[in-house]
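Geometric and topological summary
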Amino acid sequence: MTQETGRRRLAAAGLALVVTLAGTGCVASRQQPGQATAAVADALAEAGSAGETARIAVGLLDEGRVTGPVADTVLLDQLRVLDDAESALTTLVPPDAATAARRTTGLDAVGDVSDAVVAARSWVAARSGGDLAGADGVPPSSDDLLVELATALDATDAALAEAGGP
């Protein structure tokens, strides 16, 4: 076998591998409009639940009913839920313009809740004796933080209603 023949065989094997990979598992997700809208609603419901849980954790810490590490753990868990919700929306391939608009609104709402939960973690750290007190982005009080969470949750509820959720 010549060197040229070997290169051709290697190139053919590589091409066969690319064709095989392209034919298995590299297909774009296609959904009917109702399925895509339900996926948006599910992600928004998860985000709303995460935001509510964060609100409860902040309130309990403010009342002295949980410790800072417990509240921080709860908030970290909610960030994971929000990450999953954002991933679900980001990877959704909308079948029409209306679903695309709902997905965009949903991504904005999930981002707002995520920002509020991140602020809540900073507030918890500052309240628990960390050196974040007075730092940029740290709400000065639980009242300010709860307003930020409520605003984000209102946007999530509006986006959920638009997507036909409960």
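Residues numbered from 1 in each chain as written. Predicted model: local features only at pLDDT ≥ 70, side-chain atom pairs only at ≥ 80, totals over all residues. Heavy atoms only, no water.

Right, let's talk about the overall build of the chain for a bit. Within the chain, the regular secondary structure consists of 5 helices and 0 strands. Going from N to C terminus, the chain has its helices and strands arranged as α-α-α-α-α. Among the 166 residues that make up the chain, the fraction classed as buried is 30%. (Helix = DSSP H or I, 4+ residues; strand = E, 2+ residues; numbered from the N terminus. Buried < 20%, exposed > 50% of the residue type's maximum accessible area, 1.4 Å probe, protein only.)

What follows is about the confidence of the model for the chain. Averaged over all residues, the pLDDT of the chain equals 83, while 77% of them reach at least 70. The spread of mean pLDDT over the elements of the chain runs between helix 1 (residues 3-23), the lowest at 48, and helix 3 (residues 68-91), the highest at 96. Contacts from residues 12-29, a stretch scored under 50 in pLDDT, to residues over four places away or in other chains number 2 contacts. (pLDDT = per-residue confidence, 0-100. Contact = heavy atoms within 4.5 Å.)

Looking now at the packing of helix 3 against helix 4 (residues 97-127). Packing of helix 3 against helix 4 brings their axes to within 9 Å, and their N-to-C directions diverge by 165°. Accordingly, the angle class assigned to the pair helix 3 and helix 4 is roughly antiparallel. Both helix 3 and helix 4 take part in a crossing whose hand is left-handed. On the side of helix 3, the interface is formed by Gly68, Ala71, Asp72, Leu75, Leu76, Leu79, Leu82, Ala85, Glu86, Leu89 and Thr90, while helix 4 contributes Arg103, Gly106, Leu107, Val110, Val113, Ser114, Val117, Val118, Ala120, Arg121 and Val124. Looking at the contact of helix 3 with helix 4, its residues break down into 14 nonpolar, 4 polar and 4 charged. (Axes fitted to C-alpha atoms, helices over the stretch in contact; angles between N-to-C directions. Parallel < 35°, antiparallel > 145°, perpendicular 65-115°, else oblique. Left-handed = near helix turned anticlockwise from the far one by under 90°. Nonpolar A, V, L, I, M, F, W, Y, C, P; charged D, E, K, R; others polar.)

This next bit is on the nonpolar core. If you look at the biggest cluster of nonpolar residues, it comprises 32 residues, and the most contacted ones within it are Leu44, Leu75, Leu82, Val110, Val117, Leu145 and Leu149. Elements with a minimum of two residues in this core: helix 2 (33-62), helix 3, helix 4 and helix 5 (142-162). Not counting residues up to four positions away in its chain, the partners in contact with Leu44 are Gly106, Ala109, Val110, Thr156, Ala159, Leu160 and Ala163. (Core = buried A, V, L, I, M, F, W, Y, C linked by side-chain atoms within 4.5 Å.)

Direction vectors running N to C along helix 4 and helix 5 enclose 160°, while the axes themselves pass 9 Å from each other. When the axes of helix 4 and helix 5 are compared, the pair comes out roughly antiparallel. Here helix 4 and helix 5 pass one another in a crossing that is left-handed. In this structure, helix 4 contributes Arg102, Thr105, Ala109, Asp112, Val113, Asp115, Ala116, Val117, Ala119, Ala120 and Trp123 to the contact, and helix 5 contributes Ser142, Leu145, Glu148, Leu149, Ala152, Ala155, Thr156, Ala159 and Glu162. In terms of residue class, the contact of helix 4 with helix 5 is built from 12 nonpolar, 3 polar and 5 charged.

So, on to the environment of Leu60. Residue placement: Leu60 occurs in helix 2. Between the C-alpha atom of Leu60 and that of Ala71, which follows or precedes it by 11 residues, the distance is 8.1 Å. Excluding residues within four positions of it along the chain, Leu60 makes contact with Arg65 and Val66.

Time to look at the pattern of salt bridges. Per the stated rule, a full pass over the model turns up 5 salt bridges. A salt bridge links Glu63 to Arg65, with the shortest nitrogen-to-oxygen separation between them at 3.3 Å. Accessibility assignment for this pair places Glu63 and Arg65 in one class, exposed. Across the pair Asp77 and Arg80 runs a salt bridge whose closest N-O atoms are separated by 3.1 Å. Here the residue Asp77 and the residue Arg80 both occupy positions in helix 3, the gap between them amounting to 3 residues, near one helical turn. (Salt bridge = Lys/Arg side-chain N within 4 Å of Asp/Glu carboxyl O.)

What follows is about helix 3. With 24 residues, helix 3 should cover 34 Å at 1.5 Å per step; its first-to-last C-alpha distance of 34 Å lies within 8% of that length. Among all positions in helix 3, only Gly68, Ala71, Leu75, Gln78, Leu82, Ala85 and Leu89 are buried. (Expected span 1.5 Å × (residues − 1).)

What follows deals with the side chain of Thr99. Secondary-structure assignment places Thr99 in helix 4. Among the polar contacts listed, one links the side chain of Thr99 to the side chain of Asp96, at a separation of 2.6 Å. (Polar contact = N/O pair within 3.5 Å; in protein donor to acceptor, adjacent residues only side chain to side chain.)

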